[in-house]
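Chain and residue survey
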Amino acid sequence: MLPKVKKINLSTQLIDTMTTLIEENNWPLGSKLPNEVELASSLGVSRNIMREAMKILENFGILESKAGIGTFVSETALSAIRNMRFFDNLKSNTSIETILETRIIIEPELAYYAALRTNDENIALLKKNFENTFEDVFADKNDDFDLHLFVAKCSGNPILENLLFTLLDQLKASDYIEFNFHVQSKYLEDSYRDHKEISKAIISHDPELARELMRKHLLTRIEIIQSFYKKD
């Protein structure tokens, strides 16, 4: 008999229950699950909560939906569960300092591989992005993450792309996001110029230059941020 889910933190509790069922082989790898209505009834939750949980588990590759057939436990569910827990832990237990340190480790390499692997479509988007003026780009923004995420996409490494997305998402949820509201306009202009030079290196398929420019950009950015927070 399936266990009932506690009502506190219901969505999280439900995901924990379902992943435990997989890990304990109550739902074997590759097995077909009962339909959404049956699962919601068995686990004591609403269909909306069940649908939300199943969508999250599908996004992480733990469950696999096959049109017209049903929902199955992925053959790679166990490793996908570990991956999901890694990102959840990263979101809840990572300091700004650690995130910045991780960025300086991985982003220059992302820029390197972006320059090697980016395609014509991405190059066109990079060129179009810098047809705008500095004022247009930063008029309604309070962060400069878009270019960094796009470089990660161009790298062709989905694992590191997801890691960077999680890191930047965590920064957005912290007081780091206030940074661009307080720094001098010159720093934002310098950041925009750095982005433009990094983009040119990627467009030119110059991986060594792209790596070095990204490293210098992040080091400068981190130094400014550290000096900014030391004032408090």
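First, a word on scope: everything that follows refers to the structure included in this document. (Residues numbered from 1 in each chain as written. Predicted model: local features only at pLDDT ≥ 70, side-chain atom pairs only at ≥ 80, totals over all residues. Heavy atoms only, no water.)

Further remarks concern the overall build of the protein chain. Counting secondary structure elements, the protein chain contains 12 helices and 2 strands. Reading the protein chain from its N end, one meets helices and strands in the order α-α-α-β-β-α-α-α-α-α-α-α-α-α. Here the protein chain holds 232 residues, and the buried ones make up 42% of them. Contacts in the protein chain between residues at least 24 apart in sequence constitute 74% of all its contacts with a sequence separation of at least 6. (Helix = DSSP H or I, 4+ residues; strand = E, 2+ residues; numbered from the N terminus. Buried < 20%, exposed > 50% of the residue type's maximum accessible area, 1.4 Å probe, protein only. Contact = heavy atoms within 4.5 Å.)

By size, the foremost hydrophobic cluster in this structure holds 24 residues, and its most contacted members are L14, M18, I22, W27, M50, I62 and L63. Counting residues per element, the ones that place at least two in this core are α1 (10-23), α2 (36-43), α3 (47-59) and α4 (77-92). Counting residues per element, this core draws most heavily on α1, which supplies 6 residues. Residues A111, L126, L147 and C154 belong to the second largest nonpolar core, which totals 14 residues. (Core = buried A, V, L, I, M, F, W, Y, C linked by side-chain atoms within 4.5 Å.)

With respect to the helices, strands and loops of the structure, S199 is situated in helix α11 (residues 185-203). Residue contacts for S199: discarding those within four places in its chain leaves L126, F130 and L147.

This next bit is on the pairing of strand β2 (residues 70-73). In this sheet, β2 lies alongside strand β1 (residues 63-66) in antiparallel orientation, the contact comprising 4 bridges. Of the residues in β2, the one forming a bridge with E64 is F72. The loop that links β1 with its antiparallel partner β2 comprises 3 residues; one of these, G68, has a positive phi angle of about 75 degrees. (Pairing = 2+ DSSP bridges.)

On to the packing of aromatic side chains. Enumeration according to the criterion identifies 1 aromatic pair in this entry. Summarising the aromatic geometry, the rings of Y112 and Y113 are spaced 5.1 Å apart at their centres and angled 75 degrees between planes, so their arrangement reads as edge-to-face. Judged by relative accessible area, Y112 falls into the buried class, the value being 17%. Seen from the ring of F72, K66 lies directly overhead, with NZ or CZ sitting 4.5 Å from the centre. (Phe/Tyr/Trp six-rings, centres within 6.5 Å; stacked < 30°, edge-to-face > 60°. Lys NZ or Arg CZ within 6 Å of the ring centre and 35° of its normal.)

This next bit is on unusual backbone geometry. Phi is positive for N25, close to 65 degrees, though the residue is something other than glycine. Relative to the helices and strands, N25 is located in the loop between α1 and α2. Phi at H205 takes a positive value of approximately 55 degrees, unusual for a residue other than glycine. Considering the arrangement of structural elements, one finds H205 in the loop between α11 and α12 (207-230).

So, about the packing of α2 against α3. Interaxial distance between α2 and α3 falls to 9 Å at its minimum, and their mutual angle equals 110 degrees. With respect to α3, the axis of α2 lies roughly perpendicular. Only R47, M50, R51 and M54 of α3 make contact with α2, whose side of the interface consists of E36, V37, L39, A40 and L43. Residue composition of the contact of α2 with α3, by class: 6 nonpolar, no polar and 3 charged. (Axes fitted to C-alpha atoms, helices over the stretch in contact; angles between N-to-C directions. Parallel < 35°, antiparallel > 145°, perpendicular 65-115°, else oblique. Nonpolar A, V, L, I, M, F, W, Y, C, P; charged D, E, K, R; others polar.)

Our next topic: the packing of helix α6 (residues 120-129) against helix α8 (residues 145-154). Two numbers describe how α6 lies on α8: the axes approach to 11 Å, and their chain directions differ by 165 degrees. With respect to α8, the element α6 is oriented roughly antiparallel. Classified by chirality, the crossing of α8 by α6 is left-handed. Touching N122, L125 and L126 of α6 are L147, F150 and C154, all from α8. Residues of the contact of α6 with α8, tallied by class, amount to 5 nonpolar, 1 polar and no charged. (Left-handed = near helix turned anticlockwise from the far one by under 90°.)

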